[in-house]
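# Chains, contacts and geometry: an overview
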Amino acid sequence: MQNMTATAGDGKEQKKMIDLPEDNVMGINDGLSNLLMNACCLFTSVAPPSCVYSSSSGFAAMSRAQFLREYKMVVVGDGGVGKSALTIQFIQNQFMTEYDPTIEDSYRKRYVIDEELAVLDVLDTAGQEEYRTIREQYMRSGEGFLLVYSITSRRSFEALATFHQQIVRVKDQEVLPIVIVANKSDLEYERQVGMNGRSIAKNLDCKFIETSARQRVNVDEAFCTLVREIRKHNKEQQASWPVQPSTPSIPGAHDAPKGESHVPGCRGGCIVA
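Numbering of residues begins from 1 in every chain and follows the order in which that chain's sequence is written. Local features in this predicted model are restricted to residues whose pLDDT is 70 or higher, and side-chain atom pairs enter the listing and the counts only when it is 80 or higher, whereas totals over whole chains, interfaces and linings include all residues. Hydrogens and water are ignored here; the side-chain numbers use all heavy atoms of the structure.

## Some points on the pairing of strand β5 (residues 69-77)
In the sheet, β5 pairs with strand β7 (residues 116-125) via seven bridges, with the strands oriented parallel. Residue pairing in the sheet places V74 in a bridge with L123 of β7. Whether two strands pair comes down to DSSP finding at least two bridges between them. Helix and strand assignments come from DSSP, with helices taken as H or I runs of at least 4 residues and strands as E runs of at least 2, each series counted from the N terminus. By the bridge criterion, five bridges tie β5 to strand β8 (residues 144-150) in an arrangement that is parallel. Bridging across to β8, G77 finds its partner in V148.

## Remarks on the pattern of salt bridges
Salt bridges are counted wherever a side-chain nitrogen of Lys or Arg sits within 4 Å of a carboxyl oxygen of Asp or Glu. Inspection of the entire model under this criterion finds 14 salt bridges. We note a salt bridge from E70 to R108, for which the minimum N-O separation is 2.7 Å. Pair noted here: E70 is in strand β5 and R108 is in strand β6 (residues 104-113), with a separation of 38 residues, a long-range link. For every residue, the accessible area (1.4 Å probe, protein chains only) is compared with the maximum for its type, and the residue is labelled buried under 20%, exposed over 50%, or partly exposed between those bounds. Residue classification places E70 among the partly exposed residues on the basis of a relative accessible area of 27%. For R108, the salt bridge is made with D121, and the minimal N-O distance between the two is 3.6 Å. In this pair, R108 sits in strand β6 while D121 sits in strand β7, placing the two residues 13 residues apart along the sequence. A network of salt bridges, in which partner residues are shared, links E70, K72, R108 and D121.

## Examining the packing of aromatic side chains
Centre distance within 6.5 Å is the pairing criterion for rings of Phe, Tyr and Trp, where only the six-membered ring of Trp is used; planes under 30 degrees apart are then read as stacked, over 60 as edge-to-face, and the remainder as tilted. Under the definition given, this model contains three aromatic pairs. On the basis of an interplanar angle of 10° and a centroid distance of 4.2 Å, the ring pair of F90 and F223 is categorised as stacked. Residue F90 is located in helix α2 (residues 83-92), and its partner F223 is located in helix α7 (residues 219-239); the two are separated by 133 residues in the primary sequence. Under the relative-accessibility criterion, F223 is labelled buried at 1%.

## Quick notes on the environment of E70
Through-space distance from the C-alpha of E70 to that of R110 is 9.1 Å; in sequence the pair is 40 residues apart. Reaching out from E70, the side chain makes a polar contact with the side chain of K72 at a distance of 3.0 Å. By the criterion applied in these results, polar contacts are pairs of N or O atoms within 3.5 Å in which, for protein atoms, one can donate a hydrogen and the other can accept it, and in which residues neighboring in sequence qualify only through two side-chain atoms. Here R108 takes part through its side chain, which lies 2.7 Å from a polar atom of the side chain of E70.

## Some remarks on the pairing of strand β10 (residues 207-210)
Pairing between strand β9 (residues 178-183) and β10: four bridges, direction parallel. By the bridge assignment, V181 is partnered in β10 with I209. Looking down the strands as they point away from you, a crossover is right-handed if its path from the first strand over the helix to the second goes clockwise. Tracing the backbone out of β9, into helix α6 (residues 196-204) and back to the parallel element β10 gives a crossover that is right-handed.

## Some points on the side chain of N183
Considering the arrangement of structural elements, one finds N183 in strand β9. What makes two residues a contact is simply this: any of their non-hydrogen atoms within 4.5 Å. With sequence-adjacent residues up to four places away left out, N183 is seen in contact with V81, G82, L86, V148, Y149, S150, I151, T211, S212 and A213.

## A closer look at the nonpolar core
The definition of a nonpolar core used throughout is a set of buried Ala, Val, Leu, Ile, Met, Phe, Trp, Tyr and Cys residues joined through side-chain atoms within 4.5 Å. Core analysis: the largest hydrophobic core is formed by 28 residues, its most contacted members being M73, L120, L146, V181 and F223. Elements with a minimum of two residues in this core: β5, α2, β6, β7, β8, β9 and α7. With seven residues, the top contributor of residues to this core is α7. What F223 contacts, discounting residues up to four positions off in sequence, is M73, V75, L86, T87, F90, V122 and L146. By size, the runner-up hydrophobic cluster in this structure holds 21 residues, among which are M139, F145, V170 and I178.

In structure tokens form, the structure reads like this:
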């Protein structure tokens, strides 16, 4: 009996007890194979369904593992609109009371959206013009974008067009998963921007939502909406891919040489000696 301890992707230690047969050489070899399979399972954040382990009752299949889809999200907007406040409220359930200009901060969170577990990789970017070049580098890796302005700042609203053009240019795509976020809805008495954001969102064919990081209003919904937009965009992209015409098969063209066999499920070229 050997005790193996490893750290999974979520930072928590996982332990498995592995029985290694000791009766004969074949048993030892089988035990080593199982040990290697367990190491594969333990040191990856998601265990592949094919991983098996040895137990006192013999071989048992690993419990069904769910593939965790990662969504790379970038929070963009003018300085002081509350990008960091939104992000930290979503990730840590806390509100930032002091303003500290961000250069770049990255956060990760597991979240169930529409009954599907996902890993959200959120990048909080700098809004200042002097960080434009750095911001473009982050945009290249993003799948979806929260385009944030403050309802108390007309200037931040007018800056949306510049940020949107930058995203389109960097990604070299006209249609992208974008959610326009009107933040600081709790400061209604300081409002400088009406419902113009909704009109901009309609023109850009993207979603619009008003939020309050301070009162945690629609914060989760903003990020969840962006995930849904990414999923929708990916499905549309896949549906637009051209269908490859099937190639007529030639009898005997992919037959394995004598003494060799094809791997089950492989197409023609996968041969095991």
